[in-house]
Structures are given as structure tokens and as C-alpha cells.
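# Architecture and fold: a report
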Amino acid sequence: MDDTGCRGFFLAPVATYHRQYEALRAFFIEGRRLHDIAQQFGYRETSLRSMVCRFRAQVQAGEVPPFLRNRLWGDPSASLTPQNQPSRSRQSSPRRAR
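In what follows, the accompanying structure is described. These numbers come from a predicted model, not from an experiment.

### Re the overall build of the chain
Counting its secondary structure elements, the chain contains four helices and zero strands. Each helix (α) and strand (β) of the chain, taken in turn from the N terminus, gives the series α-α-α-α. Within the chain, buried positions represent 26% of all 98 residues. When the accessible surface of the chain is summed, it comes to about 7,600 Å², and 51% of that surface belongs to carbon and sulfur atoms.

### Thoughts on the environment of R19
Of note, R19 is situated in helix α2 (residues 16-28). Not counting residues within four places of it along the chain, the set of residues in contact with R19 comprises P13, V14, F41, G42 and Y43. Separated by 3.1 Å, the side chain of R19 and the backbone oxygen of F41 make a polar contact.

### Focus: the packing of α2 against helix α3 (residues 34-41)
Packed helices, taken two at a time, are described by their axes: the angle between them and the distance between them. At a closest axis distance of 10 Å, the pairing of α2 and α3 adopts a crossing angle of 155 degrees. In terms of their interaxial angle, α2 and α3 are classed as roughly antiparallel. By crossing handedness, the relation of α2 to α3 is classed as right-handed. Here R19, E22, A23, A26 and F27 of α2 come into contact with α3, specifically with L34, I37 and F41. In the contact of α2 with α3, the residues fall into six nonpolar, no polar and two charged.

### Overview of the side chain of H18
If you trace the backbone, H18 turns up in helix α2. Contacts of H18, omitting those with residues within four sequence positions, involve F9, F10 and P13.

### Re helix α4 (residues 45-60)
Residues three or four positions apart in an α-helix share a direction because the helix packs 3.6 residues into each turn. Taking 1.5 Å of rise per residue, the 16 residues of α4 would be expected to cover 22 Å, and the 23 Å separating its terminal C-alpha atoms lies within 8% of that figure. Turning to α4, its buried residues are L48, M51, V52, F55 and Q58. Projected down its long axis, α4 carries its buried residues within an arc of 130 degrees, all on one side. Exposed residues lying more than 90 degrees from the buried face of α4 are R54 and Q60. Buried-residue contacts for α4 involve α2 and α3. Residue G62 follows α4 closely and has a positive phi angle near 80 degrees.

What counts, and at which threshold
Residues numbered from 1 in each chain as written. Predicted model: local features only at pLDDT ≥ 70, side-chain atom pairs only at ≥ 80, totals over all residues. Heavy atoms only, no water. Helix = DSSP H or I, 4+ residues; strand = E, 2+ residues; numbered from the N terminus. Buried < 20%, exposed > 50% of the residue type's maximum accessible area, 1.4 Å probe, protein only. Areas by Shrake-Rupley, 256 points an atom, 1.4 Å probe, with all protein chains shown as cover. Contact = heavy atoms within 4.5 Å. Polar contact = N/O pair within 3.5 Å; in protein donor to acceptor, adjacent residues only side chain to side chain. Axes fitted to C-alpha atoms, helices over the stretch in contact; angles between N-to-C directions. Parallel < 35°, antiparallel > 145°, perpendicular 65-115°, else oblique. Left-handed = near helix turned anticlockwise from the far one by under 90°. Nonpolar A, V, L, I, M, F, W, Y, C, P; charged D, E, K, R; others polar. Expected span 1.5 Å × (residues − 1). Arc of directions from axis to C-beta.

Here it is as C-alpha cells:
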């Protein structure tokens, strides 16, 4: 089965919040270099560095980043503490927002 279009959804996102999410994920989860991530997602390296700093500050302050509001936790005021994060041990399929 050809999943090229599906792969493109993740590797070359078009929506702003989706691009931010994937860029931050590439930095924090995959450990990629800012330069490479910026090139892939169409950011200037300085802009991406600022985005990383803002994201860190939001997490440390317990604020929910804009791309997570009403999606993952369902409550825009929910904090980013481990008890509010989905379990990584459970491998379930993504759920649609209601």
C-alpha cells in the first residue's frame, strides 16, 4: 500500500499549529538539530529557537500550548503535569475530539 500521502501529512504539515507541534516534537523527542528542523518545516532557525524557549517556559509554568488546547486534555486550563498526560504504556488508536 502506498502511504506517501499519509507520510506527507506528518513530514510536511501545512496547518500552523500542526507545523509547530511537529517541529517541537522533532527537537524534544527526536533530538534533531534546530537547523535541520527549521529547513524541513520552513522556519528561520532563530524563530524556531524562540518557539522552543516559549514552549519550555509554557511547560514550566504549567500552561497548555495553543496546539494542545481542547484536543489532548479537553480542558484549556489543564496543567501539563504527568497525571494529566496520556499513558505511554497504553497503545491505543487516536480518538476523535468530541
